[in-house]
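Architecture at a glance
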Amino acid sequence: MFNSEANYWDERRSENPKQALEYFADINDHTYLYEIYERRARRNVNDPKTKRKEKIKEKEIARLSLSINRILLDFNEYFIELSNAGEYKRSLTFLMAVLSILILGLPGGFISLLLIDGPSHLSDWYLVLGLLLVLFVGTYALIHLLLWPYVFSPAFFTALRPRYRFNRTTRKVYVLRPKKYGGNAILDWDRVKAHVNWAPPKSWTAEQLASSEEARRERRLAAETDGNLLLYWPPLDPADPERKGEDLIWVGPEGSGEPLWQYIRTFMEEGMHAVPPPADYNWLRKGFSTPGQHMRETVMHGSLLRDRFSGQEMSGATATNFGINVLWAPLHSLAERLCYWPTFPEEWNSDCGQRRRESGIGPEEPLRWTPRL
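Below is a short write-up of the structure. Since the model is a prediction, treat every value here as computed from it, not as a measurement.

Description of the pattern of salt bridges
For the structure on display, the rule yields 25 salt bridges. Across the pair arginine 12 and glutamate 246 runs a salt bridge, and its minimum N-O distance is 3.9 Å. Placement of the pair is arginine 12 in helix 1 (residues 3-14) and glutamate 246 in the loop between strand 7 (228-233) and strand 8 (247-251), with a sequence separation of 234 residues. The class for arginine 12 is buried, based on a relative accessible area of 19%.

Structure representation (structure tokens):
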């Protein structure tokens, strides 16, 4: 889904690109951005003992990891492909849409009954029609101005999810996303900077975040639970008022940060054998899912992993999670089919000459082939 993208682009249109970047994207004078050459130093057995300052510096650079999340769409010798966060919210958004239609439809149905089955002496029918018109206009304004841009538009009648293909052979990042959220793009890997502690601004205003160290500290702490890895490409010319070449993408699920950045960076700089191979629970499904697949791979993913690591077949928490969510799984599958699955343009050759499948989950062979560039 595109919740962060929708909020950022709305902020960008209502204010200006620089203010949106500093406030919502949290890229400003107070933010530390990682470069692609920053990494944990490797030590040999015969190396001198690490000094205290070096140990502190090493702690600042996290161990590369995919954690336990479903995060990868593809992985091979030439590229890795990832998406963003928020997929689990799609069924909740669809449920909100259904409830909104039902709740807002009740007054309209009542007024319609007055017109159809009302007393024959109902002489003020024009007032009823006026109420019906006011209700229709008010409902349209509520949905169009408040609910649609921020709640429904990022989830329905758009791409199912963004796709980010990090290609170490071409040293490019290939981005698939709807036009209203920046459009498709080919970005130079060598220009990227990473914000590993991004979190949404929530209730803080731009003035509070600009002037208060306490507000900025609380925002950094919030990133530990619901933050994301944000990758940023600065303008080609800092003095350019049009900010040409500037771009940003949110990568990975909520809670992803420096470990994911180090994983991507190490893959791009050193190759697939320099990073831990993906586990079976790291794969994200390409294309659409059935209700059962959504339950196993999204809703119950964490519960099933906890049971797996603890050696249980199915814990009470997992059974409860299943019972609470099983009725809503079909809503998610239906909501997915209100979207389209984006595919990479052939002229990009982002797959290095080996066409990959566009549905399913898990590793796809081959992992190695002779690239055709």
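Looking at the packing of helix 9 (residues 291-299) against helix 12 (residues 329-336)
At a minimum axis distance of 8 Å, the contact between helix 9 and helix 12 shows a crossing angle of 105°. As summarised for this structure, helix 9 and helix 12 are arranged roughly perpendicular, according to the angle between their axes. Touching Pro291, His294 and Met295 of helix 9 are Ala329, Pro330, His332 and Ser333, all from helix 12. Residue composition of the contact of helix 9 with helix 12, by class: four nonpolar, three polar and no charged.

Re the nonpolar core
Membership of the largest hydrophobic core comes to 32 residues, with the highest contact counts inside it found for Phe166, Leu231, Val251, Trp261 and Ile264. Here this core takes six residues from helix 8 (residues 258-270), the largest share from any one element. Core analysis: the next-biggest nonpolar cluster, separate from the first, contains 16 residues, Ala25, Trp198, Ala215 and Trp250 among them.

Side note on the packing of aromatic side chains
Applying the stated rule across the entire model yields 14 aromatic pairs. Taking 4.9 Å as the distance between ring centres and 50° as the angle between the ring planes, the aromatic pair formed by tyrosine 78 and tryptophan 369 counts as tilted. Here tyrosine 78 is found in the loop between strand 1 (72-75) and strand 2 (79-82), whereas its partner tryptophan 369 is found in the segment after helix 12, with 291 residues between them in sequence. Of the residues examined, tyrosine 78 reaches a relative accessible area of 8% and is grouped as buried. By relative accessible area, tryptophan 369 is classed as buried at 11%. Where tyrosine 281 meets phenylalanine 309, the ring centres are 6.0 Å apart and the plane angle is 85°; that geometry is what we call edge-to-face. With tyrosine 281 in the loop between helix 8 and helix 9 and phenylalanine 309 in helix 10 (residues 301-310), this pair connects stretches of sequence that are 28 residues apart.

Regarding the sheet that holds strand 1
Across the sheet, five strands lie side by side as 1-2-3-4-5; this open sheet has antiparallel pairing. Edge positions in the sheet fall to strand 1 and strand 5 (185-188), since each of these pairs with one other strand and no more. Adjacent strand axes in the sheet meet at a mean angle of 15°, parallel and antiparallel pairs treated alike. Sheet topology places strand 3 (residues 163-167) next to strand 4 (residues 172-176); five bridges connect them, and they run antiparallel. For tyrosine 164, the partnering residue across the bridge sits in strand 4 and is valine 175.

Observations regarding the sheet that holds strand 8
Strand order in the open sheet formed by three strands is 6-7-8, and the pairing between neighbours is antiparallel. Of all strands in the sheet, those with a lone pairing partner are strand 6 (193-198) and strand 8, marking the two edges. The average undirected angle you get between the axes of adjacent strands in this sheet is 25°. As paired strands, strand 7 and strand 8 are joined by five bridges and run antiparallel to one another.

Brief notes about the pairing of strand 1
Pairing of strand 1 with strand 2 involves three bridges; the strand directions are antiparallel. Its bridge partner lying in strand 2, phenylalanine 75 is registered against isoleucine 80. The antiparallel hairpin formed by strand 1 and strand 2 contains three residues in its connecting segment.

Calculation notes
- Residues numbered from 1 in each chain as written.
- Predicted model: local features only at pLDDT ≥ 70, side-chain atom pairs only at ≥ 80, totals over all residues.
- Heavy atoms only, no water.
- Salt bridge = Lys/Arg side-chain N within 4 Å of Asp/Glu carboxyl O.
- Helix = DSSP H or I, 4+ residues; strand = E, 2+ residues; numbered from the N terminus.
- Buried < 20%, exposed > 50% of the residue type's maximum accessible area, 1.4 Å probe, protein only.
- Axes fitted to C-alpha atoms, helices over the stretch in contact; angles between N-to-C directions.
- Parallel < 35°, antiparallel > 145°, perpendicular 65-115°, else oblique.
- Contact = heavy atoms within 4.5 Å.
- Nonpolar A, V, L, I, M, F, W, Y, C, P; charged D, E, K, R; others polar.
- Core = buried A, V, L, I, M, F, W, Y, C linked by side-chain atoms within 4.5 Å.
- Phe/Tyr/Trp six-rings, centres within 6.5 Å; stacked < 30°, edge-to-face > 60°.
- Pairing = 2+ DSSP bridges.

Treat this as a map of the structure, not an account of what it does.
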